[in-house]
Amino acid sequence: MPEYFVVRGTVEHGDERGRELGFPTANLALGDQAGSVGDGVWAGWVGREDGSRVPAAISVGRRPTYYGADGYRLLEAHLLDFTADLYGETLVVWLGSHLRDQQAYASAEDLITALKNDIAAASQWTAEHPAAALPAPGETPLGEVRRVSG
Ligand SMILES: Cc1cc2nc3c(=O)[nH]c(=O)nc-3n(C[C@H](O)[C@H](O)[C@H](O)COP(=O)(O)O)c2cc1C
């Protein structure tokens, strides 16, 4: 049975840097700053209020490239092949496959190169793990990470 970490959260305004980088993200607050899910980058799925599910490359952590170790932990989902505005929407995020750890990159270009690799990996993983097979998320409180097996 595949295991997922599931998080529910309302999309907040980020620094808008994701748009500048060319990779906009839906930012969700994490209530648990210590973290039952470790910092890292994941392939997974995002469930929208309308019931649709969108493949995503997801970052959990403190954005060490920009904030050192002092940033607050948040979840940022880059939805693949997606452009609509998600601010204020409550999303469910399934973290399916851990791709790598968070890294402090020397430049925005290095981060962009990593993001392209993450997106390719997330695209492949979600193709192999379709949304129809996702476990029910259950009643997760906003910002709390739950482990769910499907
Ligand atoms: C798939 C993915 C992987 C990421 N990996 C890292 C990382 O390794 N190091 C880092 O500092 N930030 C990482 N980020 C976060 C970016 O720094 C962040 O999305 C960007 O600064 C935009 O922030 P904003 O949404 O607040 O504008 C990642 C984001 C995504 C979507």
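Residues numbered from 1 in each chain as written. Predicted model: local features only at pLDDT ≥ 70, side-chain atom pairs only at ≥ 80, totals over all residues.

1. Remarks on the pairing of strand β3 (residues 40–47)
Okay, step 1: Burial within β3 is extensive, with 6 of its 8 residues counted as buried.
Okay, step 2: Note that β3 and strand β4 (residues 53–61) share 8 bridges and pair antiparallel. Pairing of Gly40 across the sheet is with Val60, part of β4.
Okay, step 3: Counting the residues between successive antiparallel strands, the hairpin from β3 to β4 contains 5 residues, one of them, Gly51, with a positive phi of roughly 90 degrees.
Okay, step 4: Two strands pair when backbone bridges link them, and β3 and strand β6 (residues 90–100) are joined in this way by 7 bridges, in the antiparallel orientation. (Buried ≥ 20, exposed ≤ 12 C-beta atoms within 10 Å, placed from the backbone. Helix = DSSP H or I, 4+ residues; strand = E, 2+ residues; numbered from the N terminus. Pairing = 2+ DSSP bridges.)

2. Considerations on the environment of Glu128
Okay, step 1: Among the structural elements, Glu128 can be located in helix α3 (residues 108–128).
Okay, step 2: In this structure, the C-alpha to C-alpha distance between Glu128 and Gly14, residues 114 residues apart in sequence, is 30 Å.

3. Details of α3
Okay, step 1: With 21 residues, α3 extends 30 Å between its outermost C-alpha atoms, agreeing within 8% with the 30 Å of an ideal straight helix rising 1.5 Å per residue.
Okay, step 2: All of the buried residues in α3 are Leu115, Asp118, Ala122 and Thr126. Projection of α3 onto a plane perpendicular to its axis shows the buried side chains occupying an angular sector of 65 degrees, all on one side. Exposed positions of α3 whose direction lies more than 90 degrees from the buried face are Glu109, Thr113, Ala120, Ala127 and Glu128.
Okay, step 3: Looking at the buried residues of α3, the elements they touch are β3, β4 and β6. (Expected span 1.5 Å × (residues − 1). Arc of directions from axis to C-beta. Contact = placed C-beta atoms within 7 Å.)

4. Structural notes on the site of the ligand
Okay, step 1: Taken together, 24 residues are adjacent to the ligand, and Gly14, Asp15, Gly18, Ser59 and Thr65 come closest.
Okay, step 2: If you tally residues by element for the shell around the ligand, the top one is α3, at 4 residues.
Okay, step 3: Classifying every residue of the shell around the ligand by side-chain character gives 9 nonpolar, 9 polar and 6 charged. (Near = placed C-beta within 6 Å. Nonpolar A, V, L, I, M, F, W, Y, C, P; charged D, E, K, R; others polar.)

5. Examining the environment of Ala108
Okay, step 1: Its place among the elements puts Ala108 in helix α3.
Okay, step 2: Assessed through the 14 C-beta atoms surrounding it within 10 Å, Ala108 is described here as partly exposed.

6. Some details on the pairing of strand β1 (residues 3–12)
Okay, step 1: Summarising the sheet, β1 and strand β7 (residues 145–149) pair through 5 bridges and their orientation is antiparallel. Bridge pairing in β7 links Val6 to Arg146.
Okay, step 2: The sheet contact formed by β1 and β6 spans 6 bridges and is antiparallel. Its bridge partner lying in β6, Val7 is registered against Val93.
Okay, step 3: Sheet topology places β1 next to strand β2 (residues 26–29); 2 bridges connect them, and they run antiparallel. Counterpart to Glu12 in the pairing with β2 is Asn27.

Structural measurements only, silent on function.
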